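Residues per chain, in single letters:
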Amino acid sequence: MKSVTTYLLITFLFTWMLQIPVVLESQKVISLPFSPLILLLFGSFGPSLCGVLLTWREEGNQSVRQLFKDGFNLKVSWQIYLFIATVPLGMSLLAHLIAGGSEFNFNILTFLATFILYFFLGGSFNEEFGWRGYMLP
C-alpha cells in the first residue's frame, strides 16, 4: 500500500525547506553565504528522492531497481527520439526569432550540453521518479 499522504508531506516539506530560504534571500530578508541556486537544485530533487525512499521502505530493493529500470526504458520508437531531438531546437529557434535575433548561430555541442544539463539538473529528471514513478501507479 502506497503512503500517498506521507509522500506528499515529505516531498513538500523537503522541497520547501530548501526553497523558502531562497525566497527569503530574494526579498533581502536573509543573506545566504553561498549561491541560492544550490538550494534550488537540491530542493528540486525532493519528489524523486522521496519516491525512491518510500519505494525502498515499502517494497524493498528490487522495487527500487524496477523503478529506475522503468524510468530509463529506452525501447521507444524512432519518432519519439526525433520529437525529443527537434522540439527543443525548434523552440530555441522560435524564441530567438521572437526576441528579434537576426543571426542564428547553432552549435550542436552547446545545444546537447545545455539539453543534458537542463534534463538532469533542471528538468523532469529530478521529479519524475517521485510523481510518475511513485504516485502515478
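Refer to the structure printed above.
Each chain has its residues counted from 1, running along the sequence as written. It should be noted that, the model being predicted, local features are given only for residues of pLDDT at least 70 and side-chain atom pairs only at 80 or more, the latter also being counted only at that level, while totals for whole chains, interfaces and linings use all residues. Hydrogens and water are ignored here; the side-chain numbers use all heavy atoms of the structure.

### Regarding the overall build of the protein
Stated precisely, the cut-off is as follows: Note on conventions: DSSP H or I runs of at least 4 residues are helices, E runs of at least 2 residues are strands, and numbering of each starts at the N terminus. This radius of gyration counts C-alpha atoms alone. The globule rule is 2.2 Å times how many residues there are, raised to the power 0.38. For every residue, the accessible area obtained with a 1.4 Å probe (protein chains only) is divided by the maximum for its type, and the residue is called buried under 20%, exposed over 50%, and partly exposed between those limits. Under the convention used here, a 1.4 Å probe and the Shrake-Rupley method define accessible areas, while residue burial counts only the protein chains that appear.
The helix and strand inventory of the protein stands at seven helices and zero strands. Ordered by position in the sequence, the α and β elements of the protein form the string α-α-α-α-α-α-α. Against the globule reference of 14 Å for 137 residues, the protein gives a C-alpha radius of gyration of 19 Å, more extended than a compact globule. Considering only C-alpha atoms, the protein reaches an extent of 55 × 50 × 20 Å along its principal axes. Looking at the protein as a whole, 21% of its 137 residues qualify as buried. For the protein, the computed accessible surface area is about 10000 Å², with 71% contributed by carbon and sulfur atoms.

### Observations regarding the packing of helix 3 (residues 46-59) against helix 4 (residues 61-71)
Here is the rule we go by: With axes taken as lines fitted to C-alpha atoms, and helix axes fitted only over the stretch in contact, angles between N-to-C directions fall between 0 and 180 degrees. Here, residues are in contact when the closest pair of their heavy atoms is within 4.5 Å. Any residue outside Ala, Val, Leu, Ile, Met, Phe, Trp, Tyr, Cys, Pro, Asp, Glu, Lys and Arg is labelled polar, Gly included; the first ten of those are nonpolar and the last four are charged.
Put simply, helix 3 and helix 4 touch, their axes get as near as 7 Å, and they point 145° apart. Contacts between helix 3 and helix 4 pair Gly-51, Val-52, Thr-55, Trp-56 and Glu-59 from the former with Asn-61, Ser-63, Val-64, Leu-67 and Phe-68 from the latter. Broken down by class, the residue content of the contact of helix 3 with helix 4 amounts to five nonpolar, four polar and one charged.

### Side note on unusual backbone geometry
Positive phi outside glycine occurs at Lys-28, with the angle close to 65°. Relative to the helices and strands, Lys-28 resides in the loop between helix 1 (4-26) and helix 2 (36-44).

### Focus on the packing of aromatic side chains
One pair of aromatic rings is described through two measures. These are the centre distance and the angle between the planes. Rule in force here: In summary, the pairing rule links any two rings of Phe, Tyr or Trp, Trp by its six-membered ring, whose centres are within 6.5 Å, and it sorts them by plane angle into stacked for under 30 degrees, edge-to-face for over 60 and tilted for everything else.
One pass over the structure, following the stated rule, counts five aromatic pairs. When the ring of Phe-72 is compared with that of Phe-129, the centres are 5.8 Å apart and the planes differ by 45°; the resulting orientation is tilted. With Phe-72 in the loop between helix 4 and helix 5 (78-98) and Phe-129 in helix 7 (residues 125-135), this residue pair connects regions lying 57 residues apart in the sequence. Using a relative accessible area of 7% as the deciding quantity, one classes Phe-129 as buried.

### Things to note about the side chain of Thr-11
Secondary-structure assignment places Thr-11 in helix 1. In contact with Thr-11, not counting residues within four places along its chain, are Gly-46, Pro-47, Cys-50 and Trp-131.

### A short note on the pattern of salt bridges
What counts here: A pair is scored as a salt bridge if a Lys or Arg side-chain nitrogen falls within 4 Å of a carboxyl oxygen belonging to Asp or Glu.
Under the definition given, this model contains two salt bridges. Across the pair Glu-128 and Arg-132 runs a salt bridge whose closest N-O atoms are separated by 3.7 Å. Here Glu-128 and its partner Arg-132 are both found in helix 7, four residues apart, which amounts to about one turn of the helix. When its relative accessible area of 30% is taken as the criterion, Glu-128 is described as partly exposed.

### Topic: helix 5
The condition that has to hold: Multiplying 1.5 Å by the helix residue count minus one yields the expected span of that helix.
With 21 residues, helix 5 extends 30 Å from end C-alpha to end C-alpha; this agrees with the ideal 30 Å at 1.5 Å per step. Residue Gly-100 follows helix 5 closely and has a positive phi angle near 90°.

### Observations regarding the layout of surface pockets
This is how it is decided: Whether a set of points on the 1 Å grid over the protein atoms alone is a cavity depends on a 1.4 Å probe fitting there but being unable to get out, while an open set qualifies as a pocket with protein on both sides within 12 Å along at least five of seven lines; lining residues are those with an atom within 4 Å of a point. Grid points are joined across faces, edges and corners, and a volume is the space filled by probe spheres set on the points.
Of the voids in this model, the largest pocket is the one considered here, and its volume is about 800 Å³. Forming the boundary of the largest pocket are 26 residues, of which Asp-70, Gly-71, Phe-72, Asn-73 and Phe-119 lie nearest the centre. At the level of elements, helix 3, helix 4, helix 5, helix 6 (108-121) and helix 7 are the ones that each hand at least two residues to the lining of the largest pocket. Partitioning the lining of the largest pocket into residue classes produces 14 nonpolar, seven polar and five charged.

### Details of the environment of Trp-78
Among the secondary structure elements, Trp-78 is positioned in helix 5. A C-alpha to C-alpha distance of 37 Å links Trp-78 and Leu-39, two positions 39 residues apart in sequence.

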